[in-house]
Amino acid sequence: EERAEWSRIVGPLSSTRYQRGGAIEVYLMQVGVAIEALGYKVAERNGTLNSRGQLSFPQYLRRIHDSLDCSIATVLSGDVDNNVKAFTNFDEWADAFNNLYKGAKHADQQPPDPVRAWVIASSGALLVRLWLAREFGVPRDRLEQSAEYAR
C-alpha cells in the first residue's frame, strides 16, 4: 500500500542492482534520480520546498544529510583499491556528486571519470539506503555495522 509513496526513490535505486554492463553514466543518473526523489520527499515533509515547490539538486542532498539519523562515514570513505580518496566532509562529497551527475546528464559538461563516477554513485546509493533503512526502523548500531560491511 505504500508503493506509490516510495517507488520514485526505490525504483531507480533497485533497478541498478539488476543491470549489468551498462554505462556508468546510466548508473550515476539512476542513483541521482533516487537522491532527487528522496530529497524532495524530505523537503516536502519538513516544509522547506521553495515557492515553486522544488529545490536544486545540492539542496536535496543537504536535506537528506540533515535528516539522516546515522553516521555517513561510509558514504565519504572513497575507494582505496581504485585510488579514489576519501572525502573530508559531506559538502565536498555533495559537490563531487553534483558535478559528476551534471557531467553524466549534460553534453556540454565534462564527462565523468568512470572510476570516480562508480565510487560516487555507489556511495550515493548507500546514502539513500541508509536513509531508507532508518526510516523503516533499522536500529542505528546495526545499520552502521551493515553499512561498513557494504563498503
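All values reported here derive from a predicted model rather than from experimental measurement.

A. Structural context of the nonpolar core. Residues Trp-93 and Phe-97 are the most contacted members of the largest nonpolar core, which totals 42 residues. Elements with a contribution of two residues or more to this core: helix 1 (3-15), helix 2 (24-46), helix 3 (57-67), helix 4 (90-105), helix 5 (114-135) and helix 6 (140-150). Among the elements that take part in this core, helix 5 stands out by supplying eleven residues, more than any other. Not counting residues up to four positions away in its chain, the partners in contact with Trp-93 are Leu-61, Val-75, Leu-76, Phe-87, Ile-120, Ser-123, Gly-124 and Leu-127.

B. Representation of the environment of Ala-34 within the structure. Note on placement: Ala-34 falls in helix 2. Sequence separation between Ala-34 and Val-128 is 94 residues, and the spatial gap between their C-alpha atoms is 7.5 Å.

C. Looking closely at the packing of helix 1 against helix 5. One way to put it is that helix 1 packs onto helix 5 with a least axis distance of 11 Å and a crossing angle of 135 degrees. Relative to helix 5, the element helix 1 lies oblique. Considering the relative orientation of helix 1 and helix 5, their crossing is left-handed. The residues of helix 5 that touch helix 1, namely those facing Trp-6, Ile-9, Val-10 and Leu-13, are Ala-125, Val-128, Arg-129, Trp-131, Leu-132 and Glu-135. Broken down by class, the residue content of the contact of helix 1 with helix 5 amounts to eight nonpolar, no polar and two charged.

D. Structural context of the packing of aromatic side chains. The tally for this structure, following the rule as stated, stands at nine aromatic pairs. On the numbers, 5.5 Å between centres and 45 degrees between planes, the contact of Trp-93 with Phe-97 is tilted. Here Phe-97 and Trp-93 lie together in helix 4, a separation of four residues that amounts to about one turn. Look at Trp-93 and you get buried, because its relative accessible area is 0%. Accessibility expressed as a relative area gives 0% for Phe-97, which makes it buried. Here the aromatic cluster, defined as three or more aromatic residues joined through ring pairs, consists of Phe-57, Phe-90, Trp-93, Phe-97 and Tyr-101.

E. Highlighting the packing of helix 4 against helix 5. Relative orientation of the contacting elements helix 4 and helix 5 amounts to 120 degrees, with a least axis distance of 10 Å. Viewed along their axes, helix 4 and helix 5 adopt a mutual orientation that is oblique. You can see that helix 4 and helix 5 cross each other, and the crossing is left-handed. Contacts between helix 4 and helix 5 involve Phe-90, Trp-93, Ala-96, Phe-97 and Leu-100 on the former and, on the latter, Arg-116, Ala-117, Ile-120, Ala-121, Ser-123, Gly-124 and Leu-127. By residue class, the composition of the contact of helix 4 with helix 5 is nine nonpolar, two polar and one charged.

Parameters at a glance
- Residues numbered from 1 in each chain as written.
- Predicted model: local features only at pLDDT ≥ 70, side-chain atom pairs only at ≥ 80, totals over all residues.
- Heavy atoms only, no water.
- Core = buried A, V, L, I, M, F, W, Y, C linked by side-chain atoms within 4.5 Å.
- Buried < 20%, exposed > 50% of the residue type's maximum accessible area, 1.4 Å probe, protein only.
- Helix = DSSP H or I, 4+ residues; strand = E, 2+ residues; numbered from the N terminus.
- Contact = heavy atoms within 4.5 Å.
- Axes fitted to C-alpha atoms, helices over the stretch in contact; angles between N-to-C directions.
- Parallel < 35°, antiparallel > 145°, perpendicular 65-115°, else oblique.
- Left-handed = near helix turned anticlockwise from the far one by under 90°.
- Nonpolar A, V, L, I, M, F, W, Y, C, P; charged D, E, K, R; others polar.
- Phe/Tyr/Trp six-rings, centres within 6.5 Å; stacked < 30°, edge-to-face > 60°.

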